[in-house]
Amino acid sequence: MPDETMVGSDAKGDCRVSLVPGKSLAIEVATEDPRLFERGIREVVEEALAKLGRIRATLSIADKGSLNYVIAARVEAAVRRAFPEIPAIAPKVRRRPSEKDAPRRSRLYAPGNNPRLLVGIELHGADCVLLDLEDSVPPAEKPAARVLVKHLLGAIDFPNEVWVRINPLSLGGADDVREIILARPHGVALPKAESKDDVVALSRELAKAEQAVGVPLGSTWIMPIVETAKGVLHAEEIAAADPRVTVVAFGAEDFTRDVGARRTLESLLFARSMIVAAAKAAAVQASDTVYADVDDEVGLAAEAKLARDLGFDGKGAIHPAQVPILHAAFTPSEKEMDEARKIVAAAEEAEARGIGAIAIGGKMIDRPVLERARRALRLADRLGGQRASQSIGGDGKEAR
Amino acid sequence: MKNALGREIPKTIGSRSVEAYAGAFAKKRSGFKAPQPQKSSVPGENKVLPSLEAAIEATGLKDGMTISFHHSFREGDRVINQVVDACARMGLKDLRLFPTALFGTHAKLVDHIKSGVVSRIEGSMNGPVGAYISQGGKLREPATLRSHGGRWRAIESGDVAIDVAFIAASQADAYGNANGINGRTPCGPITFCMVDAQYAKKSVVVTNELAPYPAYPLEIQQGWVDYVVVVDEVGDPEQIASGTLEMTKSPARLRIARLAADAVVASPYFKEGLSFQGGAGGVSLAATMYLAEAMEKARIVGGFVMGGGTRIMVEMLHKGLVRTILDGQAFDPIAVASLGVDPAHVIMNPGLYANYDSRGCATYMLDAAFLGATEVDLDFNVNVNTHSDGRLLHGIGGHQDVAAGAKMTVITAPSIRGRLPVILDRVTTVTTPGEVIDVIVTERGLAVNPKRGDLKECFLEAGLPVRDIAELKAEADGLVRPLGKPVFGDEVVAAIEWRDGTVIDVVRKVEGWQ
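Everything numeric in this text was worked out from a predicted model, so none of it was measured.

Student: Mind laying out the sheet that holds strand E17 (residues 322-330) of chain B, listing which residues take part and the relevant values?
Tutor: Working definition: the strands of a sheet are paired by backbone hydrogen bonds and lie parallel or antiparallel to each other. Residues and elements named next belong to chain B. Taken in spatial order, the eight strands line up as E18-E17-E16-E15-E19-E22-E26-E27 in an open sheet, and their pairing is mixed. The open sheet has two free edges, formed respectively by strand E18 (345-347) and strand E27 (445-448), since each of these has just one partner strand. Within the sheet, the average angular offset between the axes of one strand and its neighbour, ignoring direction, is 25 degrees. Strand direction decides the pairing type here: strand E16 (residues 302-309) and E17, joined by six bridges, are parallel. Residue methionine 306 lies in a different strand from E17, and its bridge partner there is leucine 326.

Student: Residues and numbers for the sheet that holds strand E4 (residues 57-63) of chain A, please.
Tutor: Residue and element names in this part refer to chain A. Strand order in the open sheet formed by four strands is E1-E2-E4-E3, with mixed pairing between adjacent strands. At either end of the open sheet lies a strand with only one pairing partner, and these are strand E1 (6-8) and strand E3 (26-30). On average, each strand axis in the sheet is tilted by 15 degrees relative to the strand beside it, whichever way the strands run. Two elements, E1 and strand E2 (residues 15-21), share three bridges in a ladder whose sense is antiparallel. Across the sheet, residue methionine 6 finds its bridge partner in E2, namely serine 18. Across the sheet, helix H3 (residues 68-82) lies against E1, E2 and E4, angled at about 30 degrees from E2, the strand it touches most.

Student: Explain the domain arrangement of chain A to me, and be specific about the residues and the numbers.
Tutor: Each domain of chain A was delimited in the assignment, giving domain 1 (2-82), domain 2 (106-330) and domain 3 (334-398). Inter-centroid distance (C-alpha atoms) of domain 2 of chain A to domain 3 of chain A is 29 Å.

Student: Any chance you could break down the interface of chain B and chain A for me, citing the residues and the numbers?
Tutor: By a widely used convention, the size of an interface equals the accessible area lost when the partners come together. Contact residues are listed per partner, giving 29 residues for chain B and 24 residues for chain A. For the side of chain B that touches chain A, the secondary structure elements donating two or more residues are helix H7 (251-266), helix H8 (282-298) and helix H14 (469-480) of chain B. Broken down by element, the residue count for the side of chain B that touches chain A peaks at seven residues, all from H7 of chain B. Of the residues assigned to the side of chain B that touches chain A, the class counts are 16 nonpolar, four polar and nine charged.

Student: Give me the lowdown on the packing of helix H12 (residues 297-310) of chain A against helix H13 (residues 323-330) of chain A, citing residues and values where you can.
Tutor: Residue and element names in this part refer to chain A. Where H12 meets H13, the axes come as close as 9 Å, and the angle between the chain directions of the two elements is 35 degrees. Here H12 runs over H13; the crossing is right-handed. From H12, Glu297, Leu300, Ala301, Ala304, Lys305 and Arg308 reach across to H13, where they touch Ile325, Leu326, Ala329 and Phe330.

Student: With reference to specific residues and values, describe the packing of helix H2 (residues 34-52) of chain A against H3 of chain A.
Tutor: Residues and elements named next belong to chain A. Between H2 and H3, the least distance of the axes is 9 Å, while the angle of their chain directions is 45 degrees. The orientation of H2 with respect to H3, classified from their angle, is oblique. The chirality of how H2 crosses H3 is right-handed. Two secondary-structure elements touch here, H2 through Ile41, Val44, Val45, Ala48, Leu49 and Leu52 and H3 through Asn68, Ile71, Ala72, Val75, Glu76 and Val79. When its residues are assigned to classes, the contact of H2 with H3 shows ten nonpolar, one polar and one charged.

Basis of the calculations
Residues numbered from 1 in each chain as written. Chains lettered and ligands numbered in written order. Predicted model: local features only at pLDDT ≥ 70, side-chain atom pairs only at ≥ 80, totals over all residues. Pairing = 2+ DSSP bridges. Helix = DSSP H or I, 4+ residues; strand = E, 2+ residues; numbered from the N terminus. Axes fitted to C-alpha atoms, helices over the stretch in contact; angles between N-to-C directions. Contact = placed C-beta atoms within 7 Å. Domains from an automatic or database assignment. Nonpolar A, V, L, I, M, F, W, Y, C, P; charged D, E, K, R; others polar. Left-handed = near helix turned anticlockwise from the far one by under 90°. Parallel < 35°, antiparallel > 145°, perpendicular 65-115°, else oblique.

Structure representation (structure tokens):
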């Protein structure tokens, strides 16, 4: 029964670990070049086992160029499959603090049980990486995926935000939360959010998990993904459901399927506008759906521009190559920045003089306009020097 | 003795006495080159012989002599095996092979080494032959590896005397004029062996297509050629694009390519007339493509692009993004086709390209170059010859020549391959010294050679992720170490020559592991 005891795969960058309980511990290592790799692999296996307790079993590992954290994850998953009572490893975590209104121009998805696509996902400059436990992971692989995502979160010092898309609570989402909270992602994305109750239930699970492992209460954010007819109609209560909600995302693929629509700009306009209005009414961000055709850069840029025009703060990406295009679309242009600087300067001057109304060249500036200007400046401030590195020749600045 | 890089080099290697590497441009020569053979000709001579055996017989090839070949058919070459097989059938022994490069298709040479037909090899060994000799396969003398320019120099200087040159050509005339551009199975330039033909005591053109006089372009000329043999097959042009020429799809590698191109764009060299080398390999190809996009956007017309010719270079030429291609060997069929028809697609021989002991190298005119690496180290030294397990797997190619010449040499390499870290404290073998390397680009960011503070400033200004090389190393090490390490014995398997003929490093036999 190899499926019962085996974790991982023979794919490049992965390893396969199987475990047969026995009287004492034995480790068998197979790797492409044992002279180079066996000692290191053995050491990583032993280190992971030591954290799990006294394991009596024969553990076999077949390596296909897997990194240390992948090996540790596969070992832990195999051990806990064989000995379900063994508690999960809590990795050491270096997580950079973020803020609720941090830029999230891009949220880059990566499949949670595929080391080949996970390795290096932090390197592509995405404002927000989303490690996926939901659609990209087959049901049988969910336990192993949770553990792998946890070890990735522990091993990598993400330069920006890192989130985890969990499964709906009815489909193992609570198990996802308990596992990944050990490695402190900035937040979790909740797929198929349809009501306030869905969000509140997740918030409770997060609170329980945070308390259980000593993470500050309320520190894990929520990104509800609205991707059904019901979800769109309840967008307002979803966005306002809980203080953890930071950004509301739109999922067009499921939405079009749910309502029987074809995917066109017009058919999605209502849902998009609902989500933007709901998010902004609740003073949180809105993030647009992914664009599935990786090779169509022009189409992606056009859709990103539309999303920006509608008021979205960012958009999903399914491939690293999409990230710079999104950043170009959602970064304020030099012209917008100049305008924002003028507005903020006028406001400061008005305040200094004790004048209530703000005007530039005789034109009155409303409060929301001032707020938007301030937001643009804060965003630009945060992005700092990172803009130019995202694409050749810094063309991103002129794209809008 | 220790050379200028602190590498331990024996005073003699096999029968040669060794001059240690002293610096990239330390060695200075003047005087005269080795003499070329001289022979008067009269009208009416017949050079066409019926078989390889007849030609071998006619050249007077004897045991212990040196035979040379070029590699422009790369993985598709059919001539080296045919010639050595013929030598074996004729009972010849103890031959020294002096190819420009060997590939996987030449794996059967291992049998000829075992049986004693071949006892010495000087030339790039890509794949099985290199693996065999570094695992204890016995050659009478250690191998010598040279760069493209270094090999040319070694012939002209008399360091290597060739007895018979066998020149594969897709087209030739009966009088010995030959080329790789025309015929049914063209492979692109065959000028690597121009110098072989001129200096060898005897030269044999081996072709599968006899054309009316004169066969052109005149890559190989009648005045250098003694005999012409027609065979069924000289090479398969489909296989010149072997392996390394696929455009990469890996996000990490595309990121490396993007950063490498961004580095050139951010440099002071990114201006009208930019000239650069675009190598083979998925990352170099992608970097060349990204750079082309940036040039188009910035409306910059490049001077020349150099390298093994590729489809991407030809497209740049057609779009008007560069004025000229300087092409030493074609890497795909589109480059081969372009060579025959476009006067701005210029055939370049390795002497023109990179001969250190000449009055000028084309590589010295390069602004920027993208080159690969198997390993790099904290001193920016690069290894392209040996695998981290000590096996000799690759030739030098133009790596040293281009790095030494280009104003800005950019090494593109992932920080990790499988479980292998690519950045080390010390490379297993030095192919190219850190002295001539300016930037190392990995998917984790760029490391700039400390002597190029000017470039570092440009990169920081442009917002590129500049990192300390030790920091990059530590980051990658954390993901894959610890790692086993080969222990080398004293026995030298191969000498790595710097392009000036001095020895920059040696490859030793692996004795054990720690």
